[in-house]
Each structure stands twice: as structure tokens, then as C-alpha cells.
Amino acid sequence: MDIKEILNSLHTKIKSLPHQGEQATYIPELLTVDADRFGVYVANLDLTGIGVGDYEQAFSIQSIAKVLSVSLAYQLCGESIWSRVGVEPSGTAFNSLLQLEADNGIPRNPFINSGAMVICDILITALDDPKEDFLTFVKTIANNPTLSYSTQIAESEKEIGYRNIALCNLIKSFDNLNNEPDEVLDFYFNLCSLEMSCEAVAKLFLYLANNGTCPISGTDVLTLSQSKRINALMQTCGFYDESGEFSFKVGLPGKSGVGGGIVAIHPDQYAIVVWSPRLNAKGNSYKGMLFLEEFTSLTEQSIF
Ligand code: GLU
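Asks: Teacher, can you tell me more about the overall build of the protein chain here?
Replies: Scanning the protein chain from terminus to terminus reveals 13 helices and seven strands. For 304 residues, the compact-globule estimate of 2.2 N^0.38 gives 19 Å, and the protein chain sits close to it at 18 Å. Along the longest, intermediate and shortest principal axes, the C-alpha atoms of the protein chain span 55 × 40 × 35 Å. Within the protein chain, the proportion of its 304 residues that are buried is 57%. Residue pairs at least 24 apart in sequence account for 68% of intrachain contacts in the protein chain once pairs closer than 6 positions are excluded.

Asks: For this particular structure, what's the right way to read the packing of aromatic side chains?
Replies: Aromatic ring pairs: the centre-centre distance and the angle between the two ring planes describe each pair. Evaluation of the coordinates by the stated rule reveals 12 aromatic pairs. Taking the centre distance of 6.4 Å and the plane angle of 15° together, the rings of Phe291 and Phe295 count as stacked. In this pair, Phe291 and Phe295 are both assigned in helix α13 (residues 286-299), four residues apart and thus about one turn of the helix distant. The pair Phe291 / Phe295 is uniform in exposure class, with both members buried.

Asks: Can you walk me through the pairing of strand β1 (residues 39-44) in this structure?
Replies: Where a strand is regular, its side chains alternate between the two sheet faces. Summarising burial for β1: five of the six residues are buried, a large majority. Sheet analysis places β1 next to strand β2 (residues 49-53), joined by five bridges and oriented antiparallel. The residue of β2 that forms the bridge with Gly39 is Gly53. Turn length for the β1-β2 hairpin, with the two strands adjacent in sequence and antiparallel, is four residues, and the turn residue Leu47 shows positive phi of about 75°. Summarising the sheet, β1 and strand β7 (residues 270-275) pair through six bridges and their orientation is antiparallel. From the neighbouring strand, Gly39 faces β7, where its bridge partner is Trp275.

Asks: Quick question: what am I supposed to make of the pattern of salt bridges here?
Replies: When their charged atoms lie close together, side chains carrying opposite charge are able to pair. Applying the stated criterion across every chain, the model contains 12 salt bridges. Residue Glu79 pairs with Arg229 through a salt bridge whose shortest N-O separation is 2.9 Å. Here Arg229 lies in helix α11 (residues 224-237) and Glu79 lies in the loop between α2 (65-77) and α3 (97-102), a separation of 150 residues in the sequence. For Glu79, a relative accessible area of 41% gives the class partly exposed. Residue classification places Arg229 among the partly exposed positions, given a relative accessible area of 37%. Between Asp103 and Arg108 there is a salt bridge; the shortest N-O distance is 2.7 Å. The class for Asp103 is partly exposed, based on a relative accessible area of 21%. Classification of Arg108 as partly exposed rests on a relative accessible area of 29%.

Asks: Could you clarify how one ought to interpret unusual backbone geometry in this entry?
Replies: What you tend to see is this: most non-glycine residues have negative phi, and most peptide bonds are trans. For Asn143, which is not glycine, the phi dihedral falls at a positive 55°. Secondary-structure assignment places Asn143 in the loop between α5 (130-142) and α6 (151-159). Positive phi outside glycine occurs at Asp268, with the angle close to 70°. For Asp268, the position within the fold is in the loop between β6 (261-266) and β7.

What counts as what
Residues numbered from 1 in each chain as written. Predicted model: local features only at pLDDT ≥ 70, side-chain atom pairs only at ≥ 80, totals over all residues. Heavy atoms only, no water. Helix = DSSP H or I, 4+ residues; strand = E, 2+ residues; numbered from the N terminus. Rg over C-alpha atoms; globule rule 2.2 N^0.38 Å. Buried < 20%, exposed > 50% of the residue type's maximum accessible area, 1.4 Å probe, protein only. Contact = heavy atoms within 4.5 Å. Phe/Tyr/Trp six-rings, centres within 6.5 Å; stacked < 30°, edge-to-face > 60°. Pairing = 2+ DSSP bridges. Salt bridge = Lys/Arg side-chain N within 4 Å of Asp/Glu carboxyl O.

This is how it looks when you write it as C-alpha cells:
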């Protein structure tokens, strides 16, 4: 079977399986999305690509954006960022206050909420107009001027984001934020509200399959070594406390978001994005995980 046939048959098969899990309820605006949406896009390094289902429909990429924010911080500030945030899997929920307290306000990695907040703080210090400059960074890599934040999603999360507000204040109390929690949270909620289609995310993330340079726009996002390290972090920390499971079953570096999207990278080959909004108990897309497991099995294209 060629890749197109595999994508089509897997899409048909997994879409028709009984539903499991539910959408994230703590961001009420996410519940306005049709939970039955299911899209997939594979973007290849030679700039060919194949989409199936709802691959052109924009969705809330949520934590997938944390790969982009840590990439920009790494580009701007180099290795110094690792004194403020760790590189270890958390093994606990992505919004754990207990672990942050035990770790004296140094988040385990840049993909859990507290870690992404520290990265936001680093970017606020480094950029003139953080929200605008970050968006320009993403648009430039993707060569896609239409990308934007969703004000509704950001406001919806901010309104009842009590746990994230608590996390941010706890980091501040440990002196690991240079800016005020309100400003950090505003940037964080906007970052998470970025909306993109499977196709747009897959093309954007090709820089991680291409040693740090995006083949779409020719933008040098990261050095070779930095790109290797971000992929390593995605492999070990990209799926909350289910990172081992994803690595075990799929065998690719990846990152999920509570909007139901998952991006996975095959270095030197492709980036694949799956979007299916219902989440399993760990907060990862239930059908997205199943799809990627079968995809790398059938194509025999994991990194291992
Ligand atoms: N905005 C979400 C939060 O802060 C992102 C979580 C996620 O996608 O993992 O909780």
C-alpha cells in the first residue's frame, strides 16, 4: 500500500471506531467544536503532502504551540534557558502544583504548563511586543500570513484558569519569573489559542524534520544541535504523563494539545498532524494516538 492508501484506509477505520473520552471542559470555548471532526495531514520534506478528512479546518492547537515558543526562546537566548526550566519528563499531570512546589519553582520541562509559562516569561523579557513578535515568528516560518490567535479561546481559558493562575503565582513566589504573573498568563493563554489546520501545522513543523530550517520558507529556526534537542524533548516529554506510552507505541517525537491535535516528526522525512477532539484520561487525543500507532506500524516508519 502507498501512503495515500494507508492514510485513507486508517482514516475510515479509526473514524468509525466507537468514541472514547471527551473534550477538555476547563476551556469552555473548546466545547463549541464538533467532537466528530477528524483530520490528518502528512507534509514531506520535498514539500509534497497528503491530507485526509478535516485536514483544512483550523483548530485550537493549545500545547502544540509550546514547541514553537521554546524554539523561539532557544533561538534568542541559547542554552541559558535550561537554568530556568528542566529537560526531564514530568511523570505527573501537565498542571501539577505539587511537583512544582517540590522542585522549588523550576518546572520539569518546557511542555508542562509551568514550564511553558517560564518560557513565556523569557520571551516577554527578550521581545519588544511579545504577542505580536511571536505571531510574526510563526507566520514567517510557515510563510503563512493568515495565522492568528483566537481571542474567544484565550478569554475563555483566562476566565476560569484558576489552576494556571495558581501555577504562575507559585513560580513567581520561587523567584523564577522576571515579569508579573498577569502579563505572563496573558501571553500564555494567547499562545495556547493559536488556530491552525492540520495542513498548516504539519508544514510549519517541517523545520524539526529538517535540522532546524523550514523548507517552506527557508527560515533558519534552530541550529542542528538545537533541533536535535527539541526533538529529544518531544520524544521524552511531549505527551504529559503518557510520553512513554506514545514513544512505545508510535516511536516518533511528538507533541499533543488539549484541542485534540497531535504533531509527530520523522526527522529527515516528514511531519504528520492528526486532529480528533475527544481526549483520553491523560489529555491526549484518543483517536489521534490510535491513528499514529497504526500509521507507523503499517508504514514501518518510526525512528526506531
Ligand atoms: N491551554 C491549556 C492549559 O493551559 C494547554 C494544555 C494543553 O494543551 O496541554 O491548560
